[in-house]
Amino acid sequence: MTMEPLKLDEYLSKRSYVNGYCFTYEDKALFEVVNKNISNYSACHHVVRWHKHIAKLSKPVKKQPPVVCKQDKIVLTDMSLDQTILNVLEKDGEIDSLGLASDQSVDHQKLIGAIKSLLALPGEYIKAEQKQVSCWELTGEGKSFVANGSYEYILFNSVPKEGILQKDLMKLPNAKIGFSKAMTLGWISIDKKAEGGPTVFRKVETAEDEVVKVLNNISEQKSVPDKVIQDVKKRKLISPVVTKFYKVTKGPGFSTTIQRPEADLTAEMLQDGSWKSKTFKDYNFAARGAPMTSGYLHPLLKVRAEYRRIFLDMGFSEMPTAQFVENGFWNFDALFQPQQHPARDAHDTFFISEPALTKEAKFPSDYLERVKTTHEKGGYGSTGYDYDWKVIEAQKNILRTHTTAVSARMLYKIAQQPEFKPVKMFSIDRVFRNETLDATHLAEFHQIEGVVADRNLNLGHLIGILHTFFKKLGIEKLKFKPAYNPYTEPSMEIFSYHEGLKKWVEIGNSGIFRPEMLLPMGLPADVNVIAWGLSLERPTMIKCGINNIRELIGPKVNLNMVQDFPICRVNKA
Amino acid sequence: MPTISVTRDILYERLGKTFTDDDFEDECFDFGIELDDIVEENNVVKFKIDIPANRYDLLCVEGLSRAMNVFRDRMVVPKFTVVPGQEKLIVDDSVSGVRPYCVAAVLRDMKFTEESYNSFILLQDKLHQNIGRERSLVSIGTHDLDTIQGPFTYQALAPEQIKFQPLNQDSVMTAPEMFEKFRQTYLKPYLQILEGKPLYPLITDANGVVLSLPPIINGEHSKITLDTKNVFIEVTACDRAKCRIVIDTICSMFSEYCSAPFTCESVTVESSSGSVLTPPMKYQTMECSAAQLCTKGGITGLTPDSVADHLTKMFLPSKAVGEQVTVEIGPTRHDILHQCDVEEDLAIAYGYNNITEQVPNLHTIGVEQEVNKLSDAIREELARAGFTEVLTFSLCSRDDISTSLRNGKALEEAVQIANPKSNEFQVVRTSLLPGILKTASCNRKMPLPLKLFEVSDVVFKSEDTETGSKNQRKICALFSGKTSGFEVVHGLLDRIMLSLSEKNYSIRASEESMFFTGRGADILLGTEKIGHLGILHPEVLENFDISLPCSVLEMSLEPFV
């Protein structure tokens, strides 16, 4: 916000408060600053108006309720001035606003405001005709003449009786103009052949400074012949000033009692029936309605609700993901992700220093042994990774890097049932990556995950279910790209055609979990598990045209965005 | 996912075809690689191509074009052969504590061009970065065999005993001197792999000439040039499987330029555990039922012969015998661990987008988690009560939950992060308040009063769970305006309890230091404390840069789930 008086004045000319129609912190902050230097703003009507108002708000007000958010504009009419105008009109039949202002010793602008407000009343109380008078005002030079005398007068007075060398005389300021004027007026003469060089002599004893007299007359608004005016105007000693004023006469509906039209229909009017005789102001239909005071849900969570509903519609059950802290075992090892995989690096994963480790005894020991063997030597048809698997890596607590850690726990649980029952599961919850942050990446985001476990599922089923899922999101055109994922094989990246961007964009990842993940859990060999995942933030950002993720989540989010966010229907463009 | 940079025209020349950018992008898409970017460097058009992280055989233009040519039926999968060589490498037991594995190979009668030489260097770089995990697991040294003399020795020595002229340096120096010097160079990140170790690994020839100090630097003496004919390759590692993969990859990629293409020469590696010939360049076969291979892809209508043809296109030479398919897995396909990897390749060759979609015939009823169902219902109630929802981060600084809230004890129960990149991620929050206060502080332009809420998880240490920590669902609400608004958050508490049909609650004066003296209260459910509410202490407001009074309510939702 600029503190430059004129700019601030212009800014406030259109607003009741710094942020429009409501009192905010910023009014308070600005008030402190302006209040210290209020004298600088004396010429700024709007700043003064705002300052007075905020000052009032800042004082404890006893009678008024502590409501600081007011939507009504303050109407700046001065009732007594209106009345004065009407009374004078009644008496004199005609008013000239300039004259009345000086008679009543009121500010002319204030008077014009009162006239305008009378004009705005329905019923034509008065008629007003705008006129203008031009008068003359002394310029800076003109004022210096009045103070010090004209150049020619000063020059004349500098000529002594015995005369003066021209070259000395010309050293005076503005001597050139003064010399030629004094010559024309016949005040001085010059002897060019005098001894010692051209010498100037007085031609008259004394001189009258006529120009200054004229200027004085002009500034006192005395009448001055036109020719004289033109002379001084030519010398740029005066400049014209135009003053606008109104000539006011009675209107057809003139009366000295003002009947103001009502702004609103009130309960009293209904009770006493006065609405029948009242006039009402025109309503401004172009204005916005009053803003609602209401509560709001966060946009991203509104989108989350849509995704949840889609999963529930499709018969998916929600997985218990309220568990941000995981260990390496469920987050990586159970998924057949080798211990030297870059995702397990400190550059990508948040490790926990307190509580740093999961106790080894907390893992199912036979399953742990099977996982270890599968990593080291393979089994279940796999060659394994041929490295020394260390339980300490599995024990390390981390912030989960994906919700698939929870899917793995659920699948293990399913495998422990006496008889396998097919399932459809989903989750939408936070995951954490120790990544480099930029406009689209934060250290935490929401992962959406869908998992189906059934006998003999194949890629065709995965493609089928992805089409069903994305159709519910309003996305019809999909294609699939082969990809690599440590725990799914086959793996497919999901691309959708973005009509706005006119290109295929990656929207998620999917695949069939590897046998090296499922078989050690104890799932039957013919059970395949298909899964897909996407982030909640990315599609929301694309949909809403938000380029910086910090505008969507986190403390820096603009709450206006939250409040203005439309109803979320993800299947509608 | 590694990204490689290849010169477009060289790639097209190798592919025997010029594509439009879009056509090439489609070609990549179906093959499972991604044309990420097209850039112009010194008037040469380069493609930046994303390669799947387990396909080390596609990390150079040689391997990439070979695989794509085979995929496009322009080339037959070459047979890689190893001929016995005379060179020997002795691995001393001293390396076991620092970098235990070492293998070697010789590429004989090579002919480098500037392009192939650069590609050779770039491949080593890519292998170092990816499978080598920035050289920590695997590193490669390549040498001009004609400048050195076997047998070679791989041993570990005290740093002070190591003295040679490193690559691209003017003088002979000791290992500590090198490390001092390299600290200012691009080698800096690798120094920590050895620093602090009592012994450093070193490869020398029969005359004591140093080939390399892995994984830091090679010797100047044996460096390869464009004129090098015979290349000695050594790979040292902390992981034996990755060691094999790397040497196989280099040999299979660059034996193309030997006088006998796709042939390399073995080196005898002797150690206390015996003697082996490297590179392994092993071929394995996998016998699979053709029908079974098709099942996972959901592929129908392929004969066993057709299955074999599809797999051959994926650099997996295969033959059908009756209903069975014999798949040959060569030294370029170390990514094949299981039959499922072959099944994926079949699906890729068949085309993911040609697979018939089917919807699983599985009828289930969706069930929500109660805690989420209840949270959503409460969120709706809070919004209806005129509060605006915020969404803030689970991670925050230690100060945010402790000193800023005048609650030093909070850290005792908080989960702490070992490796935060900034102080914004030091702990997992134990309270929703810091996030909500920061939001209020960032939104000074909003009309007053501000009424905010969040329903989300915080995390506490807990003895009763597997990981030693536990999420807790919390409700937090804030009122901020010209007045403190205590009665507003108190009213909200009544509203919440009413909506939960809970009558057995009360509030009791609390001494918690985050509240203004005498203006804080505990929320009790029966006799159990489940939260608190009150007017925040002015110091707390100051810590969050807030200049208006605030009242807050924070309580656990868990008892009501």
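Everything here concerns the structure above.
Since this is a predicted model, take the numbers as computed values, not measurements. (Residues numbered from 1 in each chain as written. Chains lettered and ligands numbered in written order. Predicted model: local features only at pLDDT ≥ 70, side-chain atom pairs only at ≥ 80, totals over all residues. Heavy atoms only, no water.)

**Q** Explain the overall build of chain A here, please?
**A** Across its full length, chain A carries 22 helices and 16 strands. Over its C-alpha trace chain A gives a radius of gyration of 44 Å, far above what one expects of a compact globule, namely 25 Å for 573 residues. Oriented by its inertia axes, the alpha-carbon framework of chain A measures out at about 130 × 90 × 50 Å. Taking all 573 residues of chain A together, 46% fall into the buried category. (Helix = DSSP H or I, 4+ residues; strand = E, 2+ residues; numbered from the N terminus. Rg over C-alpha atoms; globule rule 2.2 N^0.38 Å. Buried < 20%, exposed > 50% of the residue type's maximum accessible area, 1.4 Å probe, protein only.)

**Q** What is the right way to look at the packing of aromatic side chains in this model?
**A** Aromatic ring pairs: the centre-centre distance and the angle between the two ring planes describe each pair. Taken as a whole and assessed by the stated rule, the structure comprises 38 aromatic pairs over all chains. Look at Tyr-385 of chain A and Tyr-387 of chain A: their rings are 6.4 Å apart centre to centre, the planes differ by 50°, and that puts the pair in the tilted class. Across the pair, exposure class does not vary: Tyr-385 of chain A and Tyr-387 of chain A are buried alike. One aromatic cluster in this structure is built from Tyr-307, Phe-311, Phe-316, Phe-426, Phe-469, Phe-470 and Trp-532 of chain A. The positively charged end of Lys-479 of chain A is found above the aromatic ring belonging to Phe-29 of chain B, 4.1 Å away from the centroid. Lying over the aromatic face of Tyr-190 of chain B, Arg-135 of chain B brings its terminal NZ or CZ to 4.0 Å of the ring centre. (Phe/Tyr/Trp six-rings, centres within 6.5 Å; stacked < 30°, edge-to-face > 60°. Lys NZ or Arg CZ within 6 Å of the ring centre and 35° of its normal.)

**Q** Could you clarify how one ought to interpret the pairing of strand β12 (residues 210-213) of chain B in this entry?
**A** Two faces make up the sheet, and in a regular strand the side chains alternate between them. Residue and element names in this part refer to chain B. One ladder, built from two bridges, connects strand β11 (residues 200-204) with β12; its direction is antiparallel. What sits directly across from Thr-204, in β12, is Val-210. Judged from the two bridges that link them, β12 and strand β13 (residues 217-218) form a sheet pairing that is antiparallel. Bridged to Ser-212 within β13 is Asn-218. (Pairing = 2+ DSSP bridges.)

**Q** Please explain the interface of chain B and chain A as it appears in this structure.
**A** When the parts come together, some accessible area is lost, and that loss is often what is quoted as the size of the interface. Tallying the contact residues gives 103 residues for chain B and 115 residues for chain A. At the junction of chain B and chain A, the tally comes to twelve salt bridges. In this structure, Asp-386 of chain A engages Arg-244 of chain B in a salt bridge whose closest nitrogen and oxygen atoms are separated by 2.9 Å. Between the two partners, chain B and chain A, sit 52 residue pairs in polar contact (both at pLDDT 80 or more). For the side of chain B that touches chain A, the element with the most residues is strand β24 (residues 450-461) of chain B, which contributes eight residues. For the side of chain B that touches chain A, the per-class residue count stands at 42 nonpolar, 31 polar and 30 charged. Taken together, the two bridges between strand β9 (residues 352-354) of chain A and strand β22 (residues 416-417) of chain B define a ladder with antiparallel strand orientation. Residue Glu-354 of chain A lies in a different strand from β22 of chain B, and its bridge partner there is Gln-416 of chain B. (Contact = heavy atoms within 4.5 Å. Salt bridge = Lys/Arg side-chain N within 4 Å of Asp/Glu carboxyl O. Polar contact = N/O pair within 3.5 Å; in protein donor to acceptor, adjacent residues only side chain to side chain. Nonpolar A, V, L, I, M, F, W, Y, C, P; charged D, E, K, R; others polar.)

**Q** What is the right way to look at the pairing of β11 of chain B in this model?
**A** All names here are of chain B. Within β11, five of the five residues are buried, which leaves it mostly tucked inside the rest of the structure. Along β11, one buried face is formed by Tyr-200, Leu-202 and Thr-204 and the opposite face, lined by Pro-201 and Ile-203, is buried too. Across five bridges, the pairing between strand β8 (residues 152-157) and β11 is antiparallel. Looking at the pairing, Tyr-154 lines up with Ile-203 of β11. Between the antiparallel neighbours β11 and β12 lie five residues, among them Gly-208 with a positive phi of about 85°.

**Q** What's the story with the sheet that holds strand β19 (residues 324-329) of chain B in this structure? I'm lost.
**A** What links the strands of a sheet is backbone hydrogen bonding, and the strands pair in either a parallel or an antiparallel sense. Residues and elements named next belong to chain B. The three strands lie next to each other as β17-β19-β18, forming an open sheet whose pairing is antiparallel. Each end of this open sheet is capped by a strand with a single partner; those strands are β17 (284-289) and β18 (318-321). The mean angle between the axes of side-by-side strands here comes to 20°, regardless of whether they run parallel or antiparallel. Pairing geometry for β18 and β19, over four bridges, is antiparallel. For Val-321, the partnering residue across the bridge sits in β19 and is Gln-324. Helix α8 (residues 290-297) rests against β17 and β19 of the sheet, and its axis sits at about 80° to β17. (Axes fitted to C-alpha atoms, helices over the stretch in contact; angles between N-to-C directions.)

**Q** How do you make sense of the sheet that holds strand β16 (residues 527-535) of chain A when you look at a structure like this?
**A** What the seven strands build is an open sheet, ordered β7-β11-β12-β16-β15-β14-β13 (chain A); its pairing is mixed. Edge positions in the open sheet fall to β7 (317-318) and β13 (478-482) of chain A, since each of these has one partner strand only. Here strand β14 (residues 488-498) of chain A runs beside strand β15 (residues 503-513) of chain A; their pairing, made up of nine bridges, is antiparallel. Considered in β15 of chain A, the bridge of Met-492 of chain A is made with Ser-510 of chain A. Its contacts with the sheet place helix α2 (residues 21-31) of chain B against β13 and β14 of chain A, and it is angled at close to 70° to β13 of chain A.

**Q** So what exactly am I meant to see when it comes to the environment of Ser-275 of chain B here?
**A** Counting through the fold element by element, Ser-275 of chain B comes out in strand β16 (residues 274-278). For Ser-275 of chain B and Thr-465 of chain B, which are 190 residues apart along the polypeptide, the C-alpha to C-alpha distance reads 50 Å.

**Q** Would you mind going over the pattern of salt bridges with me for this structure?
**A** Opposite charge on two side chains permits them to pair, given that their charged atoms come into close proximity. Residue and element names in this part refer to chain B. Tallied over the full model, the rule gives 68 salt bridges over all chains. Two residues, Arg-333 and Asp-335, come together in a salt bridge whose shortest N-O distance is 2.9 Å. We note that Arg-333, like Asp-335, is buried. The partner of Lys-529 in a salt bridge is Asp-522, and the shortest N-O contact between them spans 3.3 Å. For Lys-529, a relative accessible area of 40% puts it in the partly exposed group. You can call Asp-522 buried: its relative accessible area is 9%.

Such coordinate-based values are descriptive only and should not be taken to indicate function.
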